[in-house]
Amino acid sequence: MVTAAEIEDDHGIPADHITTVSSISAVIEDRFRTPELDAVHVLGELSNHSRWKGNDFFTLKDGDDQLSCVRFSDGVELHEGDEVLVRGSIDYYREKGRASLKATKVIPVGTGELYGKLQELKQELREDGVFDGGDEPPKLPETVGLVTSPEADARSDFLEAFRVQNPAAEIRSRPASVQGDDAVEELLAAIDDLDGTVDTIALVRGGGDIEDLRAFNDEALGRQIAATETPVITGVGHREDETVAGLAADVWAMTPTDAGRKASTRLSDVQDQLQEHRQQLQEQLAARERFHEQQREIERRQRRERALAAVIIALTLAIVAGVVL
Amino acid sequence: MSHDAEFRSLLDRIEETEETVQDEEVPLEEAQDAVADTLEAIDAFEDGLTSD
């Protein structure tokens, strides 16, 4: 490793002005140990919630500001969008280089503004019939339109799952931003472009908090999905994310991978089913042929028996006639 | 015709063929022809399914 003295020689920066990550981390950690950051009560909107190994990880939001939080203890069930009061202390995690609010208690105090507005929009769209569903997508699509960000993991997750189901169908990709100011406009254009030209449209995106998924909770997008001629499958976010786009779609999938699975019946299952039918037909025909052969054998035997009986009768008659004469 | 419609039509045809084979009133040769034609239709459908 290069020494501070060498850097001073090579770059002219005094050695006593140079520090290390561990030294500066220790200073930051020390600065966080103040009464102001210990035993705080923080009010904010809960988002980006996930659970891992029994611990809760979430973000508290307030306008553009946000704070990472972790809760290691059990407590009230946490819901995305809730307005909560979190009691705890701010810790600096040197290994991750970031501060986090370690919650000892979370108290729900109301519904967050974003969440509240979203619930109102969903109610309005529900009353307008936008969530009534439409046509079932084909089980064996020949062409599928895929709308998502070209670089997103969601795209490869969908394709990987779909190709297992149906390696033969054609995929027509229409790139669109799935986050940011242009997202709604690009998603609307991509769906409009594909509508009527493919068998199924798949709209997919990875997980995120209520803010990240804003485009998929847009009223115009929900209404357009409900109005499309082509059936739409959505796989947006994680299993717990109930977006406007997902509710308006003909098929809701939990994730992009799930959408890939639901977009087509597995061709190998269809082939297995057809193979069973082939076998059944052949077995039924073989049984019919055996029956036919048995019938013919019975008829042959009956003919032989009748012929034999005729001979016996003729002989008997001849004998009787001889005796009489 | 879409693959879904073709598949439904094929399943109907398979069912009709099974009835034909099991119907003793239908001559054996006719049943044999029906099975041969349906097996051919299954092969053609499978080819179409995987060759898109």
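Caption draft 1: Fine view of the sheet that holds strand β7 (residues 170-175) of chain A. Residue and element names in this part refer to chain A. Taken in spatial order, the 5 strands make up an open sheet running β7-β6-β8-β9-β10, and their pairing is parallel. With one partner strand each, in any of the chains shown, β7 and β10 (251-253) form the two edges of the open sheet. Each strand axis lies, on average, 20° off the axis of its neighbour in the sheet, ignoring direction. Bridge analysis of strand β6 (residues 143-148) against strand β8 (residues 200-205) gives 4 bridges, and the strand direction is parallel.

Caption draft 2: Focus on helix α1 (residues 3-22) of chain B. All names here are of chain B. In this model, α1 (20 residues) spans 28 Å end to end at C-alpha, consistent with the 28 Å of a helix rising 1.5 Å per residue. Within α1, the full set of buried residues consists of His3, Asp4, Phe7, Leu10, Ile14, Thr17, Glu18 and Val21. Axial view of α1: buried residues confined to an arc of 145°, hence all on one face. Opposite the buried face of α1, at more than 90 degrees from it, the exposed residues are Arg8 and Glu16.

Caption draft 3: A negative patch on the surface, seen in detail. Negative charge collects at one region of the surface, where Asp12(B), Glu15(B), Glu16(B), Glu19(B), Asp23(B), Glu24(B) and Glu25(B) lie side by side. Checked against the element boundaries, Glu19(B) lands in helix α1.

Caption draft 4: Structural context of the sheet that holds strand β3 (residues 65-71) of chain A. Residues and elements named next belong to chain A. The strand order β1-β2-β3-β5-β4 describes a closed barrel built from 5 strands, whose pairing is mixed. Each neighbouring strand pair of the sheet contributes to a mean axis angle of 50°, computed without reference to strand direction. Inspection of the sheet shows β3 paired to strand β5 (residues 98-111) by 3 bridges, in the parallel sense. Each residue of the ladder has a partner; that of Val70, found in β5, is Lys102. In the packing of helix α2 (residues 21-32) onto the sheet, the strands contacted are β4 (82-93) and β5, and the crossing angle to β4 comes to about 135°.

Caption draft 5: Local environment of the pattern of salt bridges. Residues and elements named next belong to chain A. Tallied over the entire structure, the rule returns 17 salt bridges over all chains. Arg71 serves as the salt-bridge partner of Asp56, at 2.9 Å between the closest nitrogen and oxygen. Here the residue Asp56 occupies a position in strand β2 (residues 55-62), and Arg71 occupies one in strand β3, the gap between them amounting to 15 residues. Residue Arg71 is classed as buried on the basis of its relative accessible area, which comes to 3%. Between Lys122 and Glu242 there is a salt bridge, with the nearest N and O atoms lying 3.5 Å from each other.

Caption draft 6: Quick look at the packing of helix α5 (residues 183-194) of chain A against helix α6 (residues 219-227) of chain A. Residue and element names in this part refer to chain A. Contact geometry of α5 with α6 gives a least axis separation of 10 Å together with a crossing angle of 10°. Relative to α6, the element α5 is oriented roughly parallel. Only Ala220, Leu221, Gln224 and Ile225 of α6 make contact with α5, whose side of the interface consists of Leu187, Leu188, Ile191 and Asp192.

Caption draft 7: Looking closely at the confidence of the model for chain B. The predicted model of chain B has a mean per-residue pLDDT of 92, with 98% of residues at 70 or higher. In the model output, the complex is listed with pTM 0.70 alongside ipTM 0.94.

What counts, and where the lines are drawn
In this numbering scheme, every chain counts its residues from 1 along its sequence in written order. Each chain is given a letter, starting from A, and each ligand a number, starting from 1, according to the order in which they appear as written. Per-residue local features of the predicted model are confined to residues with pLDDT of at least 70, and side-chain atom pairs are confined, for both listing and counting, to 80 or more; whole-chain, interface and lining totals are unaffected and use all residues. Excluding hydrogens and water, the side-chain values take into account all heavy atoms of the structure. A strand pair is defined by DSSP finding two or more bridges across the two strands. Numbering of helices and strands runs from the N terminus, with a helix taken as a DSSP run of H or I at least four residues long and a strand as a DSSP run of E at least two residues long. Helix axes use the C-alpha atoms of the stretch in contact, all axes being lines fitted to C-alpha atoms, and the angles between their N-to-C directions lie in the range 0 to 180 degrees. To estimate how far a helix should reach, multiply one less than its number of residues by 1.5 Å. Here the term buried applies to any residue with accessible area under 20% of the maximum for its type, exposed to any over 50%, and partly exposed to those in between, with areas from a 1.4 Å probe on protein chains only. Comment: arc refers to directions from the helix axis out to C-beta atoms. Patch membership needs two things, relative accessible area over 30% and no salt bridge, and members are linked within 9 Å if like-charged or within 5 Å if nonpolar (Val, Leu, Ile, Met, Phe, Trp, Tyr). Note on areas: these come from Shrake-Rupley sampling with a 1.4 Å probe, and a residue is covered only by the protein chains present in the view. For salt bridges, the criterion is a side-chain nitrogen of Lys or Arg within 4 Å of an Asp or Glu carboxyl oxygen. By the counting rule applied here, Lys and Arg register as positive and Asp and Glu as negative, while His and the ends of each chain are not counted. To locate a charge, take atom NZ for lysine, CZ for arginine, CG for aspartate or CD for glutamate. When checking whether two residues touch, look at their non-hydrogen atoms; a contact exists if any pair is within 4.5 Å. If an angle is under 35 degrees, it is roughly parallel; if it is over 145, roughly antiparallel; if it lies from 65 to 115, roughly perpendicular; otherwise it is oblique. Per residue, pLDDT captures the predictor's confidence, and it can take any value from 0 to 100.

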